[in-house]
Amino acid sequence: MAVILLFIDGVGLGEESDHNPWYVRPTPHIDRLLGGRSLVRGAVGQIGSDMVLLETDATLGVPGLPQSATGQATIFTGRNAPKAMGAHQSGLPFQRLRKWVQADNIYLQMERRGWRATFLNCYTPEYFQRPATRRGWVSVSTAALLSSREPVRMLSELLAGKGVYHDLTRWTLARKIPDVPVIEPETAVDHLLDVARQYDLVIHEYFLSDLAGHKQDEELMRTVIDHYDRWLGALVDRKQTDDVIVLVSDHGNSEDIRVSTHTDNPVPTWIIGDAHTWREIPHQKWDLTCIVPLLLRLVEKRHITTS
């Protein structure tokens, strides 16, 4: 039994409108899971006995459009990063925010409880050889992982099916390394589930959705939505009964193709497999600070069940 966190960058809950690719593009698996609705604001609510879609505040009480660095820092720590930093911060985290994330995050909180969490994404050796990486310019997710005892998954693990690339099918990696075989999203799901059996929490980050939104690239958006719809559908169909999937985003963006900036739309917290535990999390308003407490409670409940 495992908890699976799917962090998808730059996907807000938008309107049922022609400018929302998540509404316009075919998403047969998402529609099936949401009772015939697309991943839009109008789908928020209870969906069956074991699934709920929550409207999630990404602004966190701080003026301005939500941004990646502070939004992701909040997701990975359970603390209000834009409030602590005094503003929303974009891109890769500056040193102050990076150290703030490394001081306490979901990996360290899991370790203190004797539980295991892993980052499913795999890196290439070239990534760690980049001058920018050596200077500390890494994503929030990478900074959090490097603060823990959990090993980093590399290209060898990817090729052995013991991890997943950030784009799911490896198609962007194959452009750089032609010998890397491209796989289907459904095969990537099998790799995730093989890893999940060894951990309490498995995390995957997908950021092409944010890139497509910034570029207003409709062709890339079609690929993003098709691949992610297939990935999520297969994961729900193949997970074990007691596995729980939590899908969340850091800010809006790709749900409004008219703009190249982020949006202030709420983002999804989509819980698949346990539709009630979120009510046990103390909160005045459901926002990104609630994600870590939710994950910890879900893991705790699974340990209680098996003890």
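Treat the numbers as computed from the prediction; the structure is a model and nothing was measured. (Residues numbered from 1 in each chain as written. Predicted model: local features only at pLDDT ≥ 70, side-chain atom pairs only at ≥ 80, totals over all residues. Heavy atoms only, no water.)

(A) The layout of surface pockets, seen in detail. Its boundaries defined by the atoms lining it, the largest pocket holds a volume of some 850 Å³. Considering the residues around the largest pocket, the lining is formed by 33 residues, among which Tyr127, Arg130, Ser139, His166 and Phe207 are closest to the centre. Elements represented by at least two residues in the lining of the largest pocket include exactly helix H3 (68-77), strand E5 (122-123), helix H7 (125-129), helix H8 (131-134), helix H9 (140-146), helix H11 (171-176) and helix H13 (208-215). If you tally residues by element for the lining of the largest pocket, the top one is H11, at three residues. (1 Å grid on protein atoms, 1.4 Å probe; cavity = no way out; pocket = protein on both sides within 12 Å on 5 of 7 lines; lining within 4 Å. Points joined across faces, edges and corners; volume = space filled by probe spheres on them. Helix = DSSP H or I, 4+ residues; strand = E, 2+ residues; numbered from the N terminus.)

(B) Quick look at the pairing of strand E8 (residues 244-248). Burial analysis of E8 places five of its five residues in the buried class, which makes it a mostly covered element. Here E8 shows no split at all, with Val244, Val246 and Val248 on one side and Ile245 and Leu247 on the other all buried. Bridge count between strand E1 (residues 3-8) and E8: five bridges; the pairing is parallel. For Ile4, the partnering residue across the bridge sits in E8 and is Ile245. (Buried < 20%, exposed > 50% of the residue type's maximum accessible area, 1.4 Å probe, protein only. Pairing = 2+ DSSP bridges.)

(C) Expanded view of a nonpolar patch on the surface. A cluster of nonpolar side chains, namely Leu92, Phe94 and Trp137, defines an oily patch on the protein surface of about 290 Å² accessible area. The residue Trp137 is located in the loop between H8 and H9 in this model. What makes Trp137 partly exposed here is its relative accessible area of 33%. (Patch = residues over 30% accessible without salt bridge, like charges linked within 9 Å, V, L, I, M, F, W, Y side chains within 5 Å. Areas by Shrake-Rupley, 256 points an atom, 1.4 Å probe, with all protein chains shown as cover. Salt bridge = Lys/Arg side-chain N within 4 Å of Asp/Glu carboxyl O.)

(D) Seen up close, the packing of helix H12 (residues 185-196) against helix H14 (residues 218-238). It is the contact of H12 with H14, at a shortest axis distance of 8 Å, that shows an interaxial angle of 45°. In terms of orientation, H12 lies oblique with respect to H14. Crossing of H12 against H14: the hand is right-handed. Along the contact surface, H12 presents Pro185, Glu186, Ala188, Val189, Asp190, Leu192 and Leu193, while H14 presents His227, Arg230, Trp231, Ala234, Leu235 and Arg238. In terms of residue class, the contact of H12 with H14 is built from eight nonpolar, one polar and four charged. (Axes fitted to C-alpha atoms, helices over the stretch in contact; angles between N-to-C directions. Parallel < 35°, antiparallel > 145°, perpendicular 65-115°, else oblique. Left-handed = near helix turned anticlockwise from the far one by under 90°. Contact = heavy atoms within 4.5 Å. Nonpolar A, V, L, I, M, F, W, Y, C, P; charged D, E, K, R; others polar.)

(E) Representation of unusual backbone geometry. A positive phi angle, close to 60°, is found at Leu60, a residue other than glycine. Take Leu60: it is sitting in the loop between strand E3 (51-56) and H3. We classify Leu60 as buried; its relative accessible area is 6%. The backbone of Leu168 shows a phi angle near 80°, a positive value even though the residue is not glycine. Examined against the element boundaries, Leu168 turns out to sit in the loop between helix H10 (155-159) and H11.

(F) Structural context of the sheet that holds E3. Pairing within the open sheet is mixed, and its seven strands lie in the order E2-E3-E9-E8-E1-E7-E4. Each of the sheet's edge strands pairs with one partner strand only, and the pair in question is strand E2 (45-46) and strand E4 (117-119). H3 rests against E1, strand E7 (201-206) and E8 of the sheet, and its axis sits at about 175° to E1. Against the sheet, H12 engages E1, E4 and E7, with an angle of about 135° to E1.

Just distances and angles here, no functional claims.
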